[in-house]
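Analysis of the macromolecular model
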Amino acid sequence: MVSGALAGLRVLDLTTERAWLSGRVLADLGAQVTLVEPPGGDPARLDRRAGAPPGRPNPAWPAFNRGKRSVTLDLARPGAHELFLRLARAADVVIESYERETLQGRGLGHAALSAVNPRLVLVSVTPFGRTGPYAGHAAADLVVAAMGGAVWTNGDPDRPPVRISSGQYFLHAAAEAVVHTLAAVRHARRTGQGQHVDVSAQLAAIRTLMNAVPGPYTDGSVVDRASFGAPVPGQPYRHLFGCRDGHVLATVPFGPGPAGYVAWLRDEGFLPPALAAYDAGRLASPTLAADDPSFPGLLTGALAAYFLTETKAELTRKALARRLMVAPVNTVPDLMADEQLAARGYFLTTGDLRVPGVWARLPASPLAGGGHVAGPGADNETVWRDEAGLSAEELSRHRGEGTI
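We now turn to the structure provided with this report. Nothing here was measured: the structure is a model prediction, and the numbers come from that model.

What about the overall build of the chain?
- A count of helices and strands for the chain gives 19 helices and 11 strands.
- In terms of overall dimensions, the chain has a C-alpha envelope of 90 × 45 × 45 Å along the principal axes.
- The buried share of the chain, reckoned over its 404 residues, is 41%.
- When contacts within the chain are restricted to residue pairs at least 6 apart in sequence, long-range pairs at least 24 apart make up 69% of them.
- Looking at the chain as shown, the accessible area adds up to about 20300 Å², and 57% of this sits on carbon and sulfur atoms.
- If you average the places of the 39 positive and of the 38 negative side-chain charges in the chain, the two averages end up 3 Å apart.

Let's talk about helix α18 (residues 380-387)
- Of all the positions in α18, only Asn-380, Val-383 and Trp-384 are classed as buried. With its buried residues spanning 90° around the axis, α18 presents them on a single face.
- In this structure, the buried residues of α18 make contact with β3 (69-72), α3 (80-89) and α19 (392-400).

Structural notes on the nonpolar core
- One finds Val-11, Leu-26, Val-93, Val-121 and Val-123 to be the most contacted residues of the largest nonpolar core, which totals 39 residues.
- Broken down by element, the residue count for this core peaks at 9 residues, all from helix α7 (residues 169-191).
- In this structure, Val-11 is in contact with Leu-26, Ala-31, Gln-32, Val-33, Thr-34, Val-93 and Ile-95, ignoring residues within four places of it in sequence.

Considerations on the sheet that holds strand β7 (residues 240-243)
- The strand order across the open sheet built from 3 strands is β7-β8-β9, with neighbouring strands paired in antiparallel fashion. Unpaired on one side and paired on the other, β7 and β9 (325-328) mark the two borders of the sheet. For this sheet the average axis-to-axis angle between neighbouring strands, irrespective of direction, equals 30°.
- In terms of strand pairing, strand β8 (residues 246-251) meets β9 through 4 bridges, oriented antiparallel. By the bridge assignment, Ala-250 is partnered in β9 with Val-326.
- Strands in contact with helix α14 (residues 295-307) are β7 and β8; relative to β7, the strand with the most contacts, it is inclined by about 30°.

Some remarks on the environment of Ala-111
- Turning to its location among the elements, Ala-111 is positioned in helix α5 (residues 110-116).
- Judged by relative accessible area, which is 59%, Ala-111 ranks as exposed.
- Ala-111 sits 84 residues away from Gln-195 along the chain, and the two C-alpha atoms are 9.7 Å apart.

Digging into the sheet that holds strand β1 (residues 10-14)
- The strand order across the open sheet formed by 6 strands is β3-β2-β1-β4-β5-β6, and the pairing between neighbours is parallel. Only two strands of the sheet have a single partner each, and these edge strands are β3 and β6 (196-200). Between one strand axis and the next, the sheet turns by 20° as a mean value, whatever way the strands run.
- Bridge count for β1 against strand β4 (residues 93-96) is 4 bridges, and the pairing is parallel. Across the sheet, residue Val-11 finds its bridge partner in β4, namely Val-93.
- Against the sheet, α3 touches β1, β2 (32-37) and β4, its axis set at about 145° to β1.
- Across the sheet, α18 is in contact with β2 and β3; its angle to β3 comes to roughly 70°.

With respect to the pattern of salt bridges
- Enumeration according to the criterion identifies 22 salt bridges in this entry.
- Between Lys-318 and Glu-268 there is a salt bridge, with the nearest N and O atoms lying 3.2 Å from each other. With Lys-318 in helix α15 (residues 312-321) and Glu-268 in helix α10 (residues 257-268), the pair connects residues that are 50 residues apart, well separated along the chain.
- Residue Glu-268 is classed as partly exposed on the basis of its relative accessible area, which comes to 25%.

Considering the environment of Ala-276
- Within the secondary structure, Ala-276 is located in helix α11 (residues 273-276).
- In this structure, the C-alpha to C-alpha distance between Ala-276 and Pro-258, residues 18 residues apart in sequence, is 12 Å.

Remarks on the packing of helix α1 (residues 20-28) against α7
- Packing of α1 against α7 brings their axes to within 7 Å, and their N-to-C directions diverge by 45°. The pairing of α1 with α7 is recorded here as oblique in orientation. You can see that α1 and α7 cross each other, and the crossing is right-handed. Every residue of α7 that contacts α1 at Leu-21, Ser-22, Val-25 and Leu-26 is listed here: Leu-171, Ala-174, Ala-175, Ala-177, Val-178 and Leu-182.
- For the contact of α1 with α7, a count of residues per class yields 9 nonpolar, 1 polar and no charged.

Thresholds applied
Residues numbered from 1 in each chain as written. Predicted model: local features only at pLDDT ≥ 70, side-chain atom pairs only at ≥ 80, totals over all residues. Heavy atoms only, no water. Helix = DSSP H or I, 4+ residues; strand = E, 2+ residues; numbered from the N terminus. Buried < 20%, exposed > 50% of the residue type's maximum accessible area, 1.4 Å probe, protein only. Contact = heavy atoms within 4.5 Å. Areas by Shrake-Rupley, 256 points an atom, 1.4 Å probe, with all protein chains shown as cover. Lys, Arg positive; Asp, Glu negative; His and termini not counted. Charge placed at Lys NZ, Arg CZ, Asp CG, Glu CD. Arc of directions from axis to C-beta. Core = buried A, V, L, I, M, F, W, Y, C linked by side-chain atoms within 4.5 Å. Pairing = 2+ DSSP bridges. Axes fitted to C-alpha atoms, helices over the stretch in contact; angles between N-to-C directions. Salt bridge = Lys/Arg side-chain N within 4 Å of Asp/Glu carboxyl O. Parallel < 35°, antiparallel > 145°, perpendicular 65-115°, else oblique. Left-handed = near helix turned anticlockwise from the far one by under 90°. Nonpolar A, V, L, I, M, F, W, Y, C, P; charged D, E, K, R; others polar.

Geometry only, nothing functional implied.
Set out below in structure tokens:
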């Protein structure tokens, strides 16, 4: 059996929901990731959303925690400190996303972990990082989105900004944490020296703004809030359109450009006389929209009328044949039925849920992508007895005391 790229890497996962993705990606890459949960299991295994029936499983849990082992340990109890250090002695990485200084307060900060394992990499994912005036502030994903600038760019320009409908920015931070973890692990293997990796979700959110940050300092452009798909300065063509079964995106300036769309409309019988009057020379002009400000509205109005007569799939098929940039706006049910994702075996079934699978193909070191979801403490015997060295009597005593 071919091993994953990170086979042999041992990770202790102390993350909250903020950074579950970090351990999931490392597990996909072949690392042995062990969740450390309170006895009885992490309360986040259950769906805590408003209106959820009591006891319903959290659908996010199998998506982000599959492929991990599970042990139980109440870090707040006396004696838990020494038990966790037993695990840390054999680990390469500890990832956590508690409030700042939580581990330090339990005697498990970087200095304590390094004392028993100098090569250990400790990774902390927090809202604002561990330094600076906001370091001690708590924040939900919405706060990170707002203070990272992402909220300002979302929504319509004549209304207050809005958030993306589900949490995104701690996920970005968790993905960033994986990259920085692997850099720190490489350093530790070369030098024998671990370190404390400090990941700020606010900074991860800022990275999602792309050219909005450097724009004013490079070409003077300012990315402001705009209705999705509506014309904006520098891009006068509308690009979001309704169709028979939803919406499509159509990007006019690229590829064959306006001439390609005009030809399509002509062939479909939707070319109005006003557009038919434009000859090939005018349509090929790179300054057409600037020279004739009425043209973008004429073209996109005609496209809007035609697109309403076709489905997303038919429009995409016809556009591709003409090398025009048209793409379907997929809904979640569309994604679940998508033939490309099905061909790559992307979605996995775990229990009665379908969850995302592996996100890349590495033929020489395949991603694990297993659908197995460990129950709370499913690996207690293996980890505490065989790896941490507890005797049967010690394990029984710690269980009786509620520590394990």
